[in-house]
Amino acid sequence: MPTDQPASEQPPEPVDAPPPVPGPREFPAVPGPADGGLQPLDLYGQGPTAADPFASAPADPSAPAPAENPFLGLLATGAPAEDYERPVLRARADGASAGRLAALERAKLLALRVRAELEDRRRREAELSALYATAHDLAGLRDLDAVLRAIVRRARSLLGTEVAYLTLHDTAAGDTYMRVTDGSVSARFQQLRLGMGEGLGGLVAQTARPYVTDSYFHDERFRHTRTIDSGVRDEGLVAILGVPLMLGSGVIGVLFAADRRERVFEHGQIALLAAHAAHAAVAIDTANLLAGTRKTLTELETANEIIRDRSAAVERAADIHDRLTELVLRGGGVVDVADAVAEVLHGEVEFAEPGRAPAGALDRSRADGHAVREGTAWVAAVGAGGEVLGALVLRGHPALDPVDQRTLERAAMVTSLLLLARRTAGEAEQRVRGELLDDLLDAADRDPRLLGERAARVGADLDAPHVVLAARTDGGPPGRGEGALPAHGDSGPLLHGAPISDRDAAFPPQAVSPPQAVSLPKAASPPDAASSPGAASAPRGASTPDGADRRRLWSAASHLAATRHGLAAERDGGAVLLLPLAPDGDPAHTAREIAARLGAALHQPVTVGASAPVPAPAARPAAVAAAYAEARRCREALRVLGRAGQGAAAADFGFLGLLLADTRDVDGFVHRTLGAVADYDARRGTELLRTLDAYFACGMSPARTKDALHVHVNTVAQRLERVSRLLGPEWQTPARALEIQLALRLHQLSSAVARDTGG
């Protein structure tokens, strides 16, 4: 049983490769004259010579035919070796002389020698032709695997063996491994690895010389191992010839030819396989070089593609850099930045406010300082310091390379700078507007011309009619209890036990078109409310806005004032606005609209009171202060009446408006309350006002009213029904009835005064 120990201390002698063309086989010497034998034959008719032992005397025409003649015919026809005995046997049968028989023997030996030489040359020629064909075939192959398979198949064909195989050197492992086999049937054999010096193949790889064995398992010259012997036994190999595959002085592998029976490999076969191995090594090297070249070309193409992509990305980055620089220089905005980035990156880019941007992606981008992927979109945070101003969101470009990602991040940085610049400019403008309004409120003796010039610089026209609005937050959305905004159709809250006129419900928030949310810059720090002139405490029971609410309110009011070419300032714990009023404008409608817009911007109720129109604030600064006082009274009245979060002017409070307004507009109150009835009487000649006065004087009793008017009760009912159509179905409610009775008295007084003065 083979072991892993070497069979002998000395390595076997390698098989010396013979010269390319093996010499002729050796034959027994032919006896010459010196041996007392026959004279040499004269094959060329030149007579006997000392140099040619077969030379003979000149031919005698009477002598028998030369002994060589029959053998020449056999040589010419390529007869087999046994046919060369026939001329001798025939001559012996014919009773030829001893000399004749000796001459025929010499001629036979010479002919056999010539025949062997010719056969050897033909064999060598066939082997060389096969070798050249193999080299030609290998030169035409480019794939390494195809080259290796062709080498093994040719080796098996050239030597006519049952199996051929090839091992390659593994530089990292320091051994050789089975690479290709032809004729093999054993999976174990096809997976063998041979260490240096192990088995016949390992010895060939170690010594770089060919080795051969007629019977591998009985040959103790090689170092047998259990693994190798098991594989060889599983394949059934007996006779093995191995030659090295050489490149320069290095061995890259071993080429084998083997049989499953004992066989002696001749020197010519060893030389043939060695020559084939030399061609095979060159072919392997060429295939490796070609494979390496192809791999290098592929890598170069990939690198070139990467370079082209990077160059394009760098060009895009340079383009967006130039565009962003131009945008900043010409005063472009956030939308312009988003459009420029979208065009360069071939996607859709939008700026999202902090509340509209993906929260998770925004936090990750803010923490990492880089754009992050969110689904198929990319999000780059826009911020300054610890404040998040929004995000740039790129869609339609899921695969973003690092350069393009950096481009998006740079655009986010430019966006933050633009927002900060806009905020700074807005804060400066807000301060200027606030200082101008403070001067109008506090310094009545200011030069009107200077006030007008200052207003013109901020885009305001103080020569046109304006309205003063006083706004204040209420700390958060109220519930449906005390202080709640009445729902549409609800009755007004009570004042000293009597409900406010239902007419006041004409301006709930539903009556104003819902405003769009206003995007506002961050509030700058307004002046301290406590230091403002005329600072007043909040009414009892009202919540006092904290500093953050006041700043947000002032910022929102300043933004609205700027968009309407007005002024705004922080004052008395709230905000005051001076806004232009159209010739047909209604201060009450303006108050309701501003209350709704500020409430939407701050996400909490904002109560707004409006003054009567101020014709020309620059010409009459004192009128602005008085109008502000009126607006504040209206605002506080709303809060006291439980209508926080709404907007109103003095005219909206009915008879209470006479107390709130600086100008006691009695005629206006009367007209708003009874104008429809008085106009009907004037057009139709009816007595609806007289009927109303009698109706209230009789305790709202139709029966007593018909006696006072001396008419039928049905007439009273018809007149009251007409009044209901003119004043509304709620005119008999206590609050509305109180207003109507007051308006009737004021109407009677004003009519009497007019008659006395001849008006």
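Before reading further, recall that the structure is shown in the block above.
What counts, and at which threshold
- Residues numbered from 1 in each chain as written.
- Predicted model: local features only at pLDDT ≥ 70, side-chain atom pairs only at ≥ 80, totals over all residues.
- Heavy atoms only, no water.
- Helix = DSSP H or I, 4+ residues; strand = E, 2+ residues; numbered from the N terminus.
- Buried < 20%, exposed > 50% of the residue type's maximum accessible area, 1.4 Å probe, protein only.
- Pairing = 2+ DSSP bridges.
- Axes fitted to C-alpha atoms, helices over the stretch in contact; angles between N-to-C directions.
- Contact = heavy atoms within 4.5 Å.

Asker: How should unusual backbone geometry be read in this particular structure?
Answerer: Across the chain, the bulk of peptide bonds are trans and the bulk of non-glycine residues have phi less than zero. One non-glycine residue, His565, lies in positive phi territory at about 60°. Position of His565 among the secondary structure elements: in the loop between helix H13 (547-563) and strand S14 (567-571). Classification of His565 by relative accessible area gives partly exposed; the value is 47%. One non-glycine residue, His710, lies in positive phi territory at about 60°. Tracing the chain through its elements places His710 in the loop between helix H19 (702-709) and helix H20 (713-727). Here His710 falls in the exposed class, since its relative accessible area comes to 72%.

Asker: Sorry if this is basic, but what is going on with the sheet that holds S14 here?
Answerer: Across a sheet, strands are paired by hydrogen bonds formed along the backbone, either parallel or antiparallel in direction. The mixed open sheet is built from five strands, whose spatial order is S14-S15-S11-S16-S17. Looking at strand neighbours, the two that pair on one side only are S14 and strand S17 (647-649), the edges of this open sheet. The mean inter-strand angle of the sheet, taken between neighbouring strand axes irrespective of direction, is 20°. In the sheet, S14 pairs with strand S15 (residues 574-580) via five bridges, with the strands oriented antiparallel. Pairing of Glu570 across the sheet is with Ala575, part of S15. Sheet contacts for H13: strand S11 (466-473), S14, S15 and strand S16 (606-610); angle to S14, the most-contacted strand, approximately 165°. Relative to S16, helix H14 (residues 587-602) is tilted by about 160°, and along the sheet it contacts S11, S15, S16 and S17.

Asker: What is the right way to read the sheet that holds strand S3 (residues 193-195) from this model?
Answerer: Overall, antiparallel pairing links the six strands, which are arranged S3-S2-S1-S6-S5-S4 in an open sheet. A strand with exactly one partner marks an edge of an open sheet, and here the two such strands are S3 and strand S4 (211-213). Across the sheet, the axes of successive neighbouring strands diverge by a mean angle of 25°, strand direction being ignored. Looking at chain direction, strand S2 (residues 175-182) and S3 are connected through three bridges and run antiparallel. Along S3, the bridge assignment pairs Asp175 with Gly195.

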